[in-house]
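Chain by chain, the residues:
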Amino acid sequence: MKPRLIILIVAAAGLAVFFAVRASAPKAEVPEMRGDLTEKELEEIREQQVMIQDQVFDCEETEDVYLSIRVGVDPADKKNRLHFYITEENGFFAETFNVTFYYKPTPDTTPAESPYVFTQFLNQYVAANDTFKGCIEVVPPELARVGGDMGTSENWGAEIIDFHSACVDDPDPLPKVPEMRCEG
């Protein structure tokens, strides 16, 4: 036989075996999108997906708002995570923040001078007389702009650009938002 014919026969046999094995493989179960959630659980999830500024809650609004933010890196968690803490200094409730985070190669670096700046919208709130704790993952391609390493807490800064509204007391009930998880 000619070598081309032998190669063709071997390729055809290989394809026949491939399709035979593939056809006999068990079908993967595709889970339903709803899973085992009850209608009540689905409704709670839908409520959490509504932006705070679009939720209706009754409160006495105030203009005397002073928001502060602290940022830090926790080297113990072994992740590229930027932890942040937002507090309203006068003890008011405040919600829905735009925050600029930036890397500081030197302690006096401003956002305009930083090699890496990003703005994050947070559909979260600070309860009256409380502190909101959150975190953001910084991925390796983003860290490449600053040498590939998170550095220390001193290497990061943040500024709250704006927020949606503030109230003298917490609304009752508090707005529904997804939990921000920073562990694990």
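In the block above lies the structure referred to throughout.
Note that the coordinates shown come from a computational prediction; the quantities given were computed from them, not determined experimentally.

Peer 1: Now, about the overall build of the protein chain: what can you tell me, with residues and values included?
Peer 2: Broken down by element type, the protein chain carries 3 helices and 6 strands. Reading the helices (α) and strands (β) of the protein chain from amino to carboxyl end gives α-α-β-β-β-β-β-α-β. A globule of 184 residues ought to have a C-alpha radius of gyration of about 16 Å, yet the protein chain, at 26 Å, is considerably larger. For the protein chain, the spread of C-alpha atoms along the principal axes amounts to about 90 × 50 × 25 Å. When the 184 residues of the protein chain are sorted by exposure, 34% land in the buried category.

Peer 1: Tell me what's going on with the state of the cysteines, and back it up with residues and numbers.
Peer 2: Applying the stated criterion across every chain yields a total of 2 disulfides. Paired by a disulfide, Cys 59 and Cys 167 hold their sulfur atoms 1.9 Å apart. In this structure the cystine formed by Cys 59 and Cys 167 twists about its S-S bond by roughly -45°; its chirality is therefore left-handed. Here Cys 59 is found in the loop between α2 (39-48) and β1 (67-73), whereas its partner Cys 167 is found in strand β6 (residues 156-167), with 108 residues between them in sequence. Covalently, Cys 135 is tied to Cys 182 through a disulfide, its sulfur atoms 2.3 Å apart. Across the disulfide from Cys 135 to Cys 182, rotation about the S-S bond amounts to roughly -110°, and the bridge is consequently left-handed. Of this pair, Cys 135 sits in strand β5 (residues 131-137) while Cys 182 sits in the segment after β6, placing them 47 residues apart in sequence. In this structure Cys 135 comes out as buried when scored by relative accessible area, which is 9%. Look at Cys 182 and you get buried, because its relative accessible area is 11%. The connectivity of the disulfides in the protein chain is 1-3, 2-4, where the numbers refer to bonded cysteines in sequence order.

Peer 1: Go over the environment of Glu 39, please, and point to the residues and values.
Peer 2: Along the chain, Glu 39 turns up in helix α2. Placed 50 residues apart in sequence, Glu 39 and Glu 89 show a C-alpha to C-alpha distance of 40 Å.

Peer 1: Before we move on, can you summarise the pattern of salt bridges with the specific residues and values?
Peer 2: The final tally for this structure, using the stated rule, is 1 salt bridge. Here Arg 81 makes a salt bridge to Glu 137, at a shortest N to O gap of 2.6 Å. Taken together, the residues Arg 81 in strand β2 (residues 81-88) and Glu 137 in strand β5 connect sequence positions 56 residues apart.

Peer 1: Provide a residue-level description of the packing of aromatic side chains, including the pertinent values.
Peer 2: Evaluation of the coordinates by the stated rule reveals 7 aromatic pairs. Linked through ring pairs, Phe 84, Phe 101, Tyr 103, Tyr 116, Phe 118, Phe 132 and Trp 156 together constitute an aromatic cluster.

Peer 1: Go over the side chain of Thr 62, please, and point to the residues and values.
Peer 2: Mapping Thr 62 onto the fold places it in the loop between α2 and β1. With relative accessibility at 13%, the residue Thr 62 sits in the buried group. A polar contact of 3.2 Å, which involves the side chain of Thr 62, links it to the backbone nitrogen of Asp 64. Residue contacts for Thr 62: discarding those within four places in its chain leaves Phe 92, Ala 166, Cys 167 and Val 168.

Peer 1: Break down the sheet that holds β5 for me, citing the residues and quoting the values.
Peer 2: The strands making up a sheet are joined through hydrogen bonds of the backbone, oriented either antiparallel or parallel. What the 3 strands build is an open sheet, ordered β1-β2-β5; its pairing is antiparallel. In this open sheet, the two edge strands, each paired with only one partner strand, are β1 and β5. Each strand axis lies, on average, 20° off the axis of its neighbour in the sheet, ignoring direction. Bridge count for β2 against β5 is 7 bridges, and the pairing is antiparallel. Directly across from Phe 84, in β5, lies its bridge partner Gly 134.

The rules we used
- Residues numbered from 1 in each chain as written.
- Predicted model: local features only at pLDDT ≥ 70, side-chain atom pairs only at ≥ 80, totals over all residues.
- Heavy atoms only, no water.
- Helix = DSSP H or I, 4+ residues; strand = E, 2+ residues; numbered from the N terminus.
- Rg over C-alpha atoms; globule rule 2.2 N^0.38 Å.
- Buried < 20%, exposed > 50% of the residue type's maximum accessible area, 1.4 Å probe, protein only.
- Disulfide = S-S within 2.5 Å.
- Salt bridge = Lys/Arg side-chain N within 4 Å of Asp/Glu carboxyl O.
- Phe/Tyr/Trp six-rings, centres within 6.5 Å; stacked < 30°, edge-to-face > 60°.
- Polar contact = N/O pair within 3.5 Å; in protein donor to acceptor, adjacent residues only side chain to side chain.
- Contact = heavy atoms within 4.5 Å.
- Pairing = 2+ DSSP bridges.
- Axes fitted to C-alpha atoms, helices over the stretch in contact; angles between N-to-C directions.

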